[in-house]
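If you want the building blocks of each chain, they are given just below.
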Amino acid sequence: NYDHSVILFYCHRFYQGVKPVFFSVPRFIYNLILTMGFSLLSSHVFALELKGIANYQALGKSYYIASLYVDDITQELSEQLAQNRHQKMVIKVTAKRWSSRKWKAQWQNNIAINNTADDELQLTQAIAIFTEFPSGSLRLGDEIVIEYTASLGTNVYFNSHHIITTNSAKLFRHLVNT
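A brief structural summary. (Residues numbered from 1 in each chain as written. Predicted model: local features only at pLDDT ≥ 70, side-chain atom pairs only at ≥ 80, totals over all residues. Heavy atoms only, no water.)

**Some points on the pairing of strand S3 (residues 87-93)**
So, point 1. Within S3, 6 of the 7 residues are buried, which leaves the element mostly enclosed by the surrounding structure.
So, point 2. Where strand S2 (residues 61-70) meets S3, 7 bridges bridge the pair, whose relative direction is antiparallel. Counted as the bridge partner of Val 70 is Gln 87 from S3.
So, point 3. Note that S3 and strand S6 (residues 143-149) share 6 bridges and pair antiparallel. By the bridge assignment, Val 90 is partnered in S6 with Val 145. (Buried < 20%, exposed > 50% of the residue type's maximum accessible area, 1.4 Å probe, protein only. Helix = DSSP H or I, 4+ residues; strand = E, 2+ residues; numbered from the N terminus. Pairing = 2+ DSSP bridges.)

In structure tokens, the structure reads:
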């Protein structure tokens, strides 16, 4: 807790032209932009609540942590996925390096194992794009966001760059099931 008189003192000194040592205009602007960004982000992301987190490992190696956000955490996951409600899965890569070849093989294998066969062409194409989008290796900290909204369908982003949009929830459901 700061004493308000101390804050007012430093603000007064700043406006008199004497800058306190710990205050700099670029740092202030950076923090202001950062705070505004988090405020905007929280108004969008935090409308959804965290339903769960899972760590994906294969052969003793951790590849990613996935977080699922839904608008009603009291509902069962199967009910939530069946409804046309806002949902989001965030995948953070935890592996130091994850080759695009391994990414493709792991996702294709896990999608096939964890979902029923679906011959819909659009879904097949969307899965192909999702499994083949990394042109190079994924790195520690890379982020994949898969978001479904009834009005926009499913959107996939890689490090904030748009990868694919589908008009249904099928891609979202297939990836969450995986």
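**Some points on the packing of aromatic side chains**
So, point 1. Applying the stated criterion to the full structure yields 12 aromatic pairs.
So, point 2. The interplanar angle of 55 degrees and the centroid separation of 5.2 Å between the aromatic rings of Phe 133 and Phe 158 together place this pair among those described as tilted. With a gap of 25 residues between them, Phe 133 in the loop between helix H5 (121-132) and strand S5 (138-139) and Phe 158 in strand S7 (residues 153-158) connect regions that are remote in the sequence.
So, point 3. One aromatic cluster is present, formed by Tyr 56, Tyr 63, Tyr 64, Trp 98, Trp 103, Trp 107, Phe 130, Phe 133 and Phe 158 through successive ring pairs. (Phe/Tyr/Trp six-rings, centres within 6.5 Å; stacked < 30°, edge-to-face > 60°.)

**So, the sheet that holds S6**
So, point 1. An order of S1-S2-S3-S6-S7-S8 is seen for the 6 strands of this open sheet, with the pairing classed as antiparallel. Two strands close off the open sheet at either side, each with one partner strand: strand S1 (49-58) and strand S8 (161-166). Adjacent strand axes in the sheet meet at a mean angle of 15 degrees, parallel and antiparallel pairs treated alike.
So, point 2. Looking at chain direction, S7 and S8 are connected through 5 bridges and run antiparallel. Paired with Asn 155 across the two strands is Thr 165, which belongs to S8.
So, point 3. Here H5 sits on the sheet in contact with S6, S7 and S8, set at roughly 165 degrees to S8. (Axes fitted to C-alpha atoms, helices over the stretch in contact; angles between N-to-C directions. Contact = heavy atoms within 4.5 Å.)

**Re the packing of helix H4 (residues 100-114) against H5**
The axes of two packed helices give the description: the angle between them and the distance between them.
So, point 1. The N-to-C vectors of H4 and H5 enclose an angle of 145 degrees; their axes lie 8 Å apart at closest approach. Only Ile 127, Phe 130, Thr 131 and Glu 132 of H5 make contact with H4, whose side of the interface consists of Trp 103, Lys 104, Trp 107, Gln 108 and Ile 111.

**Comments concerning a positive patch on the surface**
So, point 1. A surface patch of like charges, here positive, comprises Lys 61, Arg 97, Arg 101, Lys 102 and Arg 139.
So, point 2. Here Lys 102 is to be found in helix H4.
So, point 3. Note on Lys 102: relative accessible area 37%, which makes it partly exposed. (Patch = residues over 30% accessible without salt bridge, like charges linked within 9 Å, V, L, I, M, F, W, Y side chains within 5 Å. Areas by Shrake-Rupley, 256 points an atom, 1.4 Å probe, with all protein chains shown as cover. Salt bridge = Lys/Arg side-chain N within 4 Å of Asp/Glu carboxyl O. Lys, Arg positive; Asp, Glu negative; His and termini not counted. Charge placed at Lys NZ, Arg CZ, Asp CG, Glu CD.)

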